[in-house]
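What follows is each chain in one-letter form.
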Amino acid sequence: MHVTTTISFQSQLPGDRPEVRFKDHHPSLTEREAVLEARRCLYCFDAPCQQACPTSIDIASFIRKISTGNTLAAARTILSANINALSCARVCPTQVLCEGACVYNHRDGSQPPIHIGRLQQFAMEAAYAKNAVASLLGDKRASTGKKIALLGAGPASLACAAELTLRGHQCVILEQRALPGGLNTNGVAPYKMKADVGLLEAEMVLGLGVELRTGVTVGKDVKPEDLLAEYDAVFLGVGLGPDGRLAVPGEELAGIIGAVELIDQVKTRGQPLFEGVAHAVVVGGGNTAIDVARELRGLGVPEVTMVYRRGPEHMSAYAHEQDGARHDGVRFLHWHVPVRFNGEGKVSSLTLARTRLEDGRLRNVPGSEADVPCELVAMAVGQGTLKDLCTAFAGVDFRDGHVVVDPDTGATGNAKVFAGGDVANGGKEVVNATAEGKRAALAMDRMLTGA
Amino acid sequence: MVDLSINLAGIKSPNPFWLASAPPANTGDQVMRAFDHGWGGAVWKTLGDQIVNVTSRFGALDVGGSKVVGFNNIELITDRPLEVNLREITEVKKRYPHHAVVVSLMVETRDEWRDIIKRSEDTGCDGLELNFGCPHGMCERGMGSAVGQEPRVLEEITGWTKEFARTPVLVKLTPNITDVRVPGRAAARAKADGLSLINTIKSIIGVDLDKMVPYPVVGTKSTNGGYCGPAVKPIAMHMVAQLAQDAQVRLPISGIGGISNWRDAAEFMALGATSVQVCTAVMHYGFRIVEDMIDGLSLFLKDKGMNSAMELVGRAVPAFSEWGQLDMNHKVIAHIDELRCIGCDLCHVACRDGSHDCIHFHKEGSAALVAQEEKIRARVGAPPAARIPYVAEDECTGCNLCSLVCPVDGCITMNDVTKNKEFQSWNDRVAQYGSAKAAVENSPRMWKDKH
Ligand SMILES: Cc1cc2nc3c(=O)[nH]c(=O)nc-3n(C[C@H](O)[C@H](O)[C@H](O)COP(=O)(O)OP(=O)(O)OC[C@H]3O[C@@H](n4cnc5c(N)ncnc54)[C@H](O)[C@@H]3O)c2cc1C
Ligand SMILES: Cc1cc2nc3c(=O)[nH]c(=O)nc-3n(C[C@H](O)[C@H](O)[C@H](O)COP(=O)(O)O)c2cc1C
Ligand code: SF4
Ligand code: SF4
Ligand code: SF4
């Protein structure tokens, strides 16, 4: 077990990890570019972009500050709403959030919406480069003497811990892995953000005075009831569970790997991957499936095929992500399901069946089975849940794949326990986890201070 | 073909576009290249006793991403020997006999004026311009704007020059006075042949906030400069129009100040200028801008059914009147086109905070909102109907503000609702009711009490 306050986790990342080979799709703006883009913003009244941001960043105001050269104040405006703003700027699906709501979308189409994410990235990078983030957050309140345990060091817990720490509470984060940041460190596609950025942001939060204990699996190394006894409150920010499987024959063969597990290898481990892989198959139709497929292509796998059991219109992956995958040369096989993995110890092919809808039910087409070669299969068929861990906290209810919470406060059935992020919303985005972490912190603060 | 040639007090040029007396008209090489590009005339950089300049000597005002909206300089008159300038002017006139070459002059004593006028006219130049406008450096030595600000001195010196000159004499006026008609009338009394205006405006263009020295920085100090460029155009046009209208002036005018394109030129001409002079725009973009000016003015004149540039001169002067002559019965009301509106709501906040709070939103669930939704139903990319505001017609004061801030062309129109009311000016009304107080009492109220 490691107890950490401030430490450079970035230096623990292997320099030869596969993700470093990806080109950054979010290059930084120069000051001049940022100011010119900021000046395009209309400074809307009651701006719709802000309404579309889950953390309600005052976008019109921060952009105006960029336009006047007041960059650090812009960063302050952003941080006051969203402590994970550096990563959000890069990983948010802005097309369907702030930028999707920008009034420029209602113009004649001659000008794109304001590049809000890139402007946010510009302001945050400036604040980090000047080492100004902590001072922009202002002074911490006097210690309240209250202790809070936060489970998992992902965006939800980090946002929650930052807010609680600034309000004078003592926070301890328990994380099973060696590195903090959650999926921001080991999940997000490398062309959007590399692991060091997720770690930099986590280090900033830890630097506020949050204690991090890595290598601690709650439920195994620490008992929930002990946490409830020792701490004044507990925050569940453990995210989703391990990669799901299909229960198809042959799934135990080598070369078949869960998508999130595979992405973790790409992002944080220094192994040569996919040597000799000529064909890879990704099973699934969500954003994780798309990410894996694009990453495999980016790492040089010649043929990457996505297998999805329904049509393109049914895929939960964003349209812009599907386009991106197509652009990267990913092949799509819609209306197909795996029925069997074949190979001797190692997977060498996959038997697929065609599917169709019959009276609204999905069925395999009899006699449609065919083999496709593959040396690697990524299973992106959803992640499991951490129901057992969560419900081990007495009173916590778990339904429909997530902890049951009051959406305004993150409160659970146990008065001392709050939850936020993927574990509470069933799996959304970093920005939702951030918003929910902060919201829970405010509610916990009210509870702890009796305010 | 439209005839662009002009005749200003006997000075003829193939078109109304002249270089102002400034750096672009500093040398024979420049003036000849300008003529090759299409400029019709040039007022040579002011001649006088040789001076030396400081560095740096220019500053600029950038606004909202636009460079050099305003420009400022602390340079003096020509720093080249008089003989060199005179030799080059002779050369230019010989090579370009049909272009207008006017020599700008600034000296002190009667004898100096006699001498420099003789030597200048020996070059074959078409006219003289008396620089009574320079507001920096030279005025500290009793010349430039020091003369332009003293009508009696201006009249006396202009009188001398008229004694000595054989070619037309233009008096270049300074805007650094309270009423430009006073120096204009003084020039007219001294029998000047024409007026040029404006010279630059006394100004500080900015402050270096690190050094705590105004711009342009000369070591550890700066001084007031002369302001020009696009930002001064409204001030210059007002002065031109005032002089064009003044019965005691009645002199042809060469308009100067912020002219950058054919439209600026057309506006100055409509307000009474026969030729226009340009400095800043050429310093910014070079001589080539005249191509747009020539084409633009020709097409404009043709479009308006005018056969010559001279027909345009003074066209808008009769419509420039005193406030008391304006029609009190004229009424316009703002209207928002819901098929163009993008829902930025800038008009709402502008009218609320900066005018009369007449732009509102349809209430949720109201019949009006339903009707609005109906109206925009077929519009692709429409904003939410609830974000499209409407103008309360009984509240609108017709001030124009909303239509000025709206970012979408043609979205807010100011509709004429005068109906068949007869023209009645304020002066008419005062005459009708006997006093200003009675006139107010008998006027319809423009504003609504909202409390
Ligand atoms: C492949 C992939 C790509 C994604 N891409 C994007 C994207 O581009 N943009 C975006 O906005 N979102 C993206 N997401 C979603 C986003 O990553 C999550 O919504 C977000 O990270 C949720 O934050 P969290 O804090 O709730 O959980 P997580 O980030 O999952 O963090 C949970 C942490 O808890 C730890 N933990 C779990 N169990 C225990 C335990 N028992 N004891 C101690 N620690 C424990 C985990 O190790 C982990 O560090 C992606 C998700 C995936 C899987
Ligand atoms: C750098 C500079 C030097 C100038 N020098 C003179 C000058 O020597 N004599 C003169 O009459 N006006 C001078 N002017 C004023 C210009 O002729 C002109 O009146 C003024 O710049 C307004 O025109 P603009 O807005 O097109 O620049 C100078 C202006 C500038 C910018
Ligand atoms: S909606 Fe677009 S233009 Fe309006 S404030 Fe937001 S970013 Fe700026
Ligand atoms: S300013 Fe124009 S575009 Fe914006 S809300 Fe008003 S009418 Fe619509
Ligand atoms: S014209 Fe003036 S008063 Fe009328 S709605 Fe527009 S801003 Fe308001």
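Residues numbered from 1 in each chain as written. Chains lettered and ligands numbered in written order. Predicted model: local features only at pLDDT ≥ 70, side-chain atom pairs only at ≥ 80, totals over all residues. Heavy atoms only, no water.

Remarks on the overall build of chain A
Link 1 in the chain: In terms of helices and strands, chain A carries 18 helices and 17 strands.
Link 2 in the chain: For 451 residues, the compact-globule estimate of 2.2 N^0.38 gives 22 Å, and chain A sits close to it at 23 Å.
Link 3 in the chain: Taking the principal axes of its C-alpha atoms as reference, chain A extends roughly 70 × 60 × 50 Å.
Link 4 in the chain: Burial analysis of chain A (451 residues in total) assigns 56% to the buried set.
Link 5 in the chain: Surface exposure of chain A reaches about 18,600 Å², of which carbon and sulfur atoms provide 49%. (Helix = DSSP H or I, 4+ residues; strand = E, 2+ residues; numbered from the N terminus. Rg over C-alpha atoms; globule rule 2.2 N^0.38 Å. Buried < 20%, exposed > 50% of the residue type's maximum accessible area, 1.4 Å probe, protein only. Areas by Shrake-Rupley, 256 points an atom, 1.4 Å probe, with all protein chains shown as cover.)

Describing the overall build of chain B
Link 1 in the chain: In terms of regular secondary structure, chain B is built from 16 helices and 20 strands.
Link 2 in the chain: By element, 53% of the accessible surface of chain B is carried by carbon and sulfur atoms, the whole surface being about 21,100 Å².

What to know about helix H5 (residues 151–164) of chain B
Residue and element names in this part refer to chain B.
Link 1 in the chain: Compared with the 20 Å implied by 1.5 Å per residue over 14 residues, the 20 Å span of H5 between its first and last C-alpha is a close match.
Link 2 in the chain: When we look at burial in H5, the residues that qualify are Leu154, Ile157, Thr158, Trp160, Thr161 and Phe164. What you see down the axis of H5 is that its buried residues fit within an arc of 155°, all on one side. Exposed residues pointing more than 90 degrees away from the buried face of H5 are listed as Arg152 and Glu163.
Link 3 in the chain: In this structure, the buried residues of H5 make contact with helix H3 (110–121), strand E8 (127–131), helix H4 (145–148), strand E9 (169–172) and helix H6 (181–189). (Expected span 1.5 Å × (residues − 1). Arc of directions from axis to C-beta. Contact = heavy atoms within 4.5 Å.)

A word on the sheet that holds strand E4 (residues 41–48) of chain B
In a beta sheet, neighbouring strands are held together by backbone hydrogen bonds and run either parallel or antiparallel to one another.
All names here are of chain B.
Link 1 in the chain: Strand order around the closed barrel formed by eight strands is E3-E4-E7-E8-E9-E10-E15-E16, with parallel pairing between neighbours. Taken over all neighbouring pairs, the strand axes of this sheet differ in orientation by 25° on average, direction set aside.
Link 2 in the chain: Bridge count for E8 against E9 is four bridges, and the pairing is parallel. Along E9, the bridge assignment pairs Leu130 with Val171. (Pairing = 2+ DSSP bridges. Axes fitted to C-alpha atoms, helices over the stretch in contact; angles between N-to-C directions.)

Some remarks on the interface of chain A and chain B
Accessible area lost upon the coming together of the parts is a frequently used measure of interface size.
Link 1 in the chain: Taken together, the contacts link 15 residues of chain A with 19 residues of chain B.
Link 2 in the chain: Roughly 1,200 Å² is buried in total at the junction of chain A and chain B, and carbon and sulfur atoms are behind 60% of that figure.
Link 3 in the chain: Taken together, the connections running from chain A to chain B amount to zero salt bridges.
Link 4 in the chain: The tally of links between chain A and chain B comes to seven residue pairs in polar contact (both at pLDDT 80 or more).
Link 5 in the chain: Contributing elements (two or more residues each) for the side of chain A that touches chain B: helix H1 (31–40) and helix H2 (48–52) of chain A.
Link 6 in the chain: Of the residues that constitute the side of chain A that touches chain B, the class distribution is eight nonpolar, three polar and four charged. (Buried area = accessible area lost by both parts, 1.4 Å probe. Salt bridge = Lys/Arg side-chain N within 4 Å of Asp/Glu carboxyl O. Polar contact = N/O pair within 3.5 Å; in protein donor to acceptor, adjacent residues only side chain to side chain. Nonpolar A, V, L, I, M, F, W, Y, C, P; charged D, E, K, R; others polar.)

Thoughts on the pattern of salt bridges
Link 1 in the chain: In total, this model carries 47 salt bridges over all chains according to the counting rule given.
Link 2 in the chain: Note that Glu88(B) is salt-bridged to Arg80(B), the shortest N-O span being 2.7 Å. By the burial criterion, Glu88(B) is buried, and Arg80(B) matches it.
Link 3 in the chain: Several salt bridges share partner residues, and in doing so they unite Glu163(A), Arg167(A), Lys438(A) and Asp445(A) into one network.

Examining the environment of Ala325(A)
Residues and elements named next belong to chain A.
Link 1 in the chain: Take Ala325: it is sitting in helix H15 (residues 319–327).
Link 2 in the chain: Residues Ala325 and Gly367 lie 42 residues apart in sequence; the distance between their C-alpha atoms is 30 Å.
Link 3 in the chain: Ignoring any residue separated from it by four or fewer positions in sequence, one finds Ala325 in contact with Ile290, Arg294, Val330 and Phe332.

Considering the nonpolar core
Link 1 in the chain: Counting 104 residues, the largest nonpolar core has Ile59(A), Phe62(A), Ile63(A), Ile66(A), Leu119(A) and Met444(A) as the members making the most contacts within it.
Link 2 in the chain: Among residues more than four places away in sequence, those in contact with Ile66(A) are Ala34(A), Val35(A), Ala38(A), Ala74(A), Leu119(A), Phe122(A) and Ala123(A).
Link 3 in the chain: Within the second largest apolar cluster, 88 residues are counted, among which are Leu82(B), Ile89(B), Ala236(B) and Leu243(B). (Core = buried A, V, L, I, M, F, W, Y, C linked by side-chain atoms within 4.5 Å.)

Some details on the domain arrangement of chain B
Link 1 in the chain: Along its sequence, chain B is carved into domain 1 (6–317) and domain 2 (323–441).
Link 2 in the chain: Here domain 1 of chain B and domain 2 of chain B have C-alpha centroids that lie 42 Å from each other. (Domains from an automatic or database assignment.)

Focus on the site of ligand 1
Residues and elements named next belong to chain A.
Link 1 in the chain: Close contacts around ligand 1 come from 33 residues, with Val91, Glu175, Leu183, Lys192 and Asp422 the closest.
Link 2 in the chain: Within the backbone of Pro155, a nitrogen or oxygen atom sits 3.2 Å from an oxygen atom of ligand 1.
Link 3 in the chain: Interatomic distance of 2.9 Å between a backbone N/O atom of Leu183 and an oxygen atom of ligand 1.
Link 4 in the chain: Out of a free accessible area of 1,000 Å², ligand 1 has 94% covered by protein chains. (Near = heavy atom within 4 Å.)

Things to note about helix H2 (residues 82–95) of chain B
Residues and elements named next belong to chain B.
Link 1 in the chain: Its 14 residues place the ends of H2 20 Å apart at the C-alpha level, agreeing with the 20 Å of an ideal helix rising 1.5 Å per residue.
Link 2 in the chain: When H2 is considered as a whole, its buried residues turn out to be Leu82, Asn85, Leu86, Glu88, Ile89, Val92 and Lys93. The buried residues of H2 occupy one face: seen down the axis, they fall within an arc of 165°. Across H2 from its buried face, at more than 90 degrees, point the exposed residues Arg87, Lys94 and Arg95.

Overview of the side chain of Gln120(A)
Residue and element names in this part refer to chain A.
Link 1 in the chain: Mapping Gln120 onto the fold places it in helix H7 (residues 116–129).
Link 2 in the chain: Classification of Gln120 as buried rests on a relative accessible area of 7%.
Link 3 in the chain: Within the structure, Gln120 has its side chain in polar contact with the backbone oxygen of Ala85 (distance 2.9 Å).
Link 4 in the chain: Other than its neighbours up to four places away in sequence, Gln120 contacts Ile57, Phe62, Ile78, Ala85, Cys88 and Ala89.

Remarks on the pairing of strand E14 (residues 225–228) of chain B
Link 1 in the chain: As paired strands, strand E6 (residues 66–73) of chain B and E14(B) are joined by three bridges and run antiparallel to one another. Within E14(B), the position partnered with Phe71(B) by the bridge is Cys228(B).

As for the packing of aromatic side chains
Link 1 in the chain: Within this structure, the stated rule accounts for six aromatic pairs over all chains.
Link 2 in the chain: Residues Trp262(B) and Phe300(B) carry aromatic rings whose centres are separated by 5.8 Å and whose planes lie at 35° to one another, so their mutual orientation is tilted. Placement of the pair is Trp262(B) in helix H8 (residues 262–270) and Phe300(B) in helix H10 (residues 290–303), with a sequence separation of 38 residues.
Link 3 in the chain: The aromatic ring of Tyr104(A) is capped on one face by Arg40(A), whose charged end is 5.0 Å from the ring centroid.
Link 4 in the chain: The positively charged end of Arg326(A) is found above the aromatic ring belonging to Phe332(A), 4.8 Å away from the centroid. (Phe/Tyr/Trp six-rings, centres within 6.5 Å; stacked < 30°, edge-to-face > 60°. Lys NZ or Arg CZ within 6 Å of the ring centre and 35° of its normal.)

Regarding the domain arrangement of chain A
Residue and element names in this part refer to chain A.
Link 1 in the chain: The domains assigned to chain A are domain 1 (1–241 + 385–451) and domain 2 (256–379).
Link 2 in the chain: Between the C-alpha centres of domain 1 and domain 2 the distance comes to 30 Å.
Link 3 in the chain: Domain 1 puts 27 residues into the contact, and the matching count from domain 2 is 19 residues.
Link 4 in the chain: Both faces combined, the contact of domain 1 with domain 2 buries some 1,700 Å², and carbon together with sulfur accounts for 56% of it.
Link 5 in the chain: Along the contact surface separating domain 1 from domain 2 lie three salt bridges.
Link 6 in the chain: In this structure, the salt-bridge partner of Glu19 is Lys267, at a minimum N-O distance of 2.8 Å.
Link 7 in the chain: There are ten residue pairs in polar contact (both at pLDDT 80 or more) connecting domain 1 and domain 2.
Link 8 in the chain: Residue contributions to the side of domain 1 that touches domain 2 peak at three residues, all from helix H10 (residues 183–186).
Link 9 in the chain: Considering only residue class, the side of domain 1 that touches domain 2 consists of 14 nonpolar, five polar and eight charged.

Details of the sheet that holds strand E5 (residues 58–63) of chain B
Residue and element names in this part refer to chain B.
Link 1 in the chain: Read across the sheet, four strands follow the order E5-E6-E14-E11 without closing on themselves; strand pairing throughout is antiparallel. Each edge of the open sheet is held by one strand with a lone partner, namely E5 and strand E11 (201–203). Put simply, the sheet's adjacent strands are angled 45° from each other on average, direction ignored.

What to know about a nonpolar patch on the surface
Link 1 in the chain: A cluster of nonpolar side chains, contributed by Ile204(B), Val207(B), Leu209(B) and Met212(B), occupies part of the molecular surface with about 440 Å² of accessible area.
Link 2 in the chain: Structurally, Val207(B) is set in strand E12 (residues 207–208). (Patch = residues over 30% accessible without salt bridge, like charges linked within 9 Å, V, L, I, M, F, W, Y side chains within 5 Å.)

Comments concerning the packing of helix H1 (residues 28–37) of chain B against H2(B)
Residues and elements named next belong to chain B.
Link 1 in the chain: The geometry of H1 relative to H2 is characterised by a closest axis approach of 9 Å and an angle of 20° between their N-to-C directions. Taken together, the axes of H1 and H2 are roughly parallel relative to one another. The chirality of how H1 crosses H2 is right-handed. When H1 is examined against H2, the residues Gly28, Val31, Met32 and Phe35 are found in contact with a partner set consisting of Glu88, Val92 and Arg95. (Parallel < 35°, antiparallel > 145°, perpendicular 65-115°, else oblique. Left-handed = near helix turned anticlockwise from the far one by under 90°.)

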